[in-house]
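Now for the letters of each chain:
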Amino acid sequence: MTEKSEEKRYGRTLSIVVPCYNEQEVLPKTVSVLSEYLLSLVEKGKISGSSFLLFVNDGSADDTLKILKERSKAVENVCYISLSRNCGHQNALMAGLSTACPLSDMIVSIDADLQDDVNVIEQMVDEYADGAEIVYGVRGSRKSDTFFKRGTAQTYYRVLKSMGVKTIYNHADFRLMGKAAVEELLRYREKNLYIRGLIPELGFKTASVNYERKAREAGESKYPFNKMLALALNGITSFSIKPLRLIISIGAAVMIICLLAAAYAFISYLSGHVEKGWTSLILSIWFLGGVQLLSIGVIGEYIGKIYSEVKDRPLYCIEESDLKAAGEKMPGE
Ligand code: UDP
Ligand code: MG
């Protein structure tokens, strides 16, 4: 290595964290693609030979764990941890990050379905070597998404922005983080996780790499509409209290309308021109009832969050693991 590249942060330990939920169709391919890629980076001298892959089995009901057990024995740089039940993608990712953090200098998180372009990890490592602590994988277009997903995603980014939530446009959970940044992230103890919203809060020197997101290699999406909606709601309610403030604005607006209506009613009364008024009465009952229920719902959403935060339950439970490839001794060794 030249003197210049020695100043850079090359040759450090990289771990790649991959949450997996029912990924038996794609997993064998993912393991071999990632493990070969990792070795190629080691050969180029970009990362250390002790770099490893860490798969997180998120309580899968299929053969995911079986495949991971078998691959971790057969392939030198493969480790896994297995959660005792399905805890959700964000929690599984946190489990992976906290397990990998003490054993590595930098961590890349990536989905198991190979939708994100593995080949840009090298650029991420280059950015890290140049001093970036967080490197975002940003997708160029959304051609591989359905029309519905593309439309809702774009609207969602706009809503987030209007709520004052800092987010990186078209970035999900494909990113590299240096150890210092991961350690900071792990100090956030919140339960309602929206990790991509937390990362910009950390600060640090950041960089981005662009890539085209492909279609899933195999299997089906593990993010059905209800999970997606829950994540999207977390993105707003974990970072912004603007919806609560909006209720005050709506309340104020309704009061002003009420004052105008009262003035109109009074004038009508004085002029002796009193309407029967059934339509306006019934409409305002429905309208105000709707506004009130909606407002209570929004407040309830925040109270629900306080409830789950206060209980402070653990995010996940690791049932078993094999971290030999990461240099950790197994019990009895
Ligand atoms: N995933 C997980 N737990 C879950 C749901 C998903 O660990 O409860 C993982 C999944 O295996 C994949 C990643 O999260 O590695 C993203 O899921 P997916 O690719 O299905 O989401 P999409 O790309 O369709 O939004
Ligand atoms: Mg996917």
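Residues numbered from 1 in each chain as written. Chains lettered and ligands numbered in written order. Predicted model: local features only at pLDDT ≥ 70, side-chain atom pairs only at ≥ 80, totals over all residues. Heavy atoms only, no water.

Caption draft 1: Broad picture of the packing of aromatic side chains. Tallied over the full model, the rule gives 4 aromatic pairs. The ring of Tyr128 is capped by Arg9, whose NZ or CZ atom sits 3.8 Å from the centre of that ring. (Phe/Tyr/Trp six-rings, centres within 6.5 Å; stacked < 30°, edge-to-face > 60°. Lys NZ or Arg CZ within 6 Å of the ring centre and 35° of its normal.)

Caption draft 2: Quick peek at the site of ligand 1. Residues in close proximity to ligand 1 total 19 residues, the closest being Glu23, Asp58, Asp113, Ser221 and Lys222. Pro19 places a main-chain nitrogen or oxygen 2.7 Å from an oxygen atom of ligand 1. For ligand 1, an oxygen atom lies 3.0 Å from a polar atom in the side chain of Lys149. In the complex, the protein chains occlude 95% of the 540 Å² of accessible area that ligand 1 would expose alone. (Near = heavy atom within 4 Å. Polar contact = N/O pair within 3.5 Å; in protein donor to acceptor, adjacent residues only side chain to side chain. Areas by Shrake-Rupley, 256 points an atom, 1.4 Å probe, with all protein chains shown as cover.)

Caption draft 3: Expanded view of the nonpolar core. Membership of the largest hydrophobic core comes to 38 residues, with the highest contact counts inside it found for Leu14, Ile16, Phe55, Ile121, Val125 and Leu176. Looking at which element gives the most residues to this core, the answer is helix H2 (residues 27–43), with 6 residues. Setting aside residues no more than four positions away along its own chain, Val125 makes contact with Tyr10, Leu14, Leu41, Lys46, Ile47, Met106 and Leu176. Among the nonpolar cores identified, the runner-up in size contains 31 residues, and Leu97, Ala100, Val138 and Leu193 belong to it. (Core = buried A, V, L, I, M, F, W, Y, C linked by side-chain atoms within 4.5 Å. Buried < 20%, exposed > 50% of the residue type's maximum accessible area, 1.4 Å probe, protein only. Helix = DSSP H or I, 4+ residues; strand = E, 2+ residues; numbered from the N terminus. Contact = heavy atoms within 4.5 Å.)

Caption draft 4: Region of the structure containing the pattern of salt bridges. Under the definition given, this model contains 17 salt bridges. In this structure, Lys222 engages Glu23 in a salt bridge whose closest nitrogen and oxygen atoms are separated by 3.6 Å. Here Lys222, found in the loop between strand E7 (206–211) and helix H9 (225–237), pairs with Glu23, found in the loop between strand E1 (14–20) and H2; they are 199 residues apart in sequence, far enough to count as distant. Residue classification places Lys222 among the buried residues on the basis of a relative accessible area of 18%. We classify Glu23 as buried; its relative accessible area is 4%. For Asp113, the salt bridge goes to Arg216, with nearest N and O atoms at 3.4 Å. A residue pair is termed long-range when its members are at least 10 positions apart, and Asp113 in the loop between strand E4 (106–109) and helix H5 (121–129) and Arg216 in the loop between E7 and H9 qualify at 103 residues. When salt bridges that share partners are traced, they join Glu23, Asp113, Arg216 and Lys222 into one network. (Salt bridge = Lys/Arg side-chain N within 4 Å of Asp/Glu carboxyl O.)

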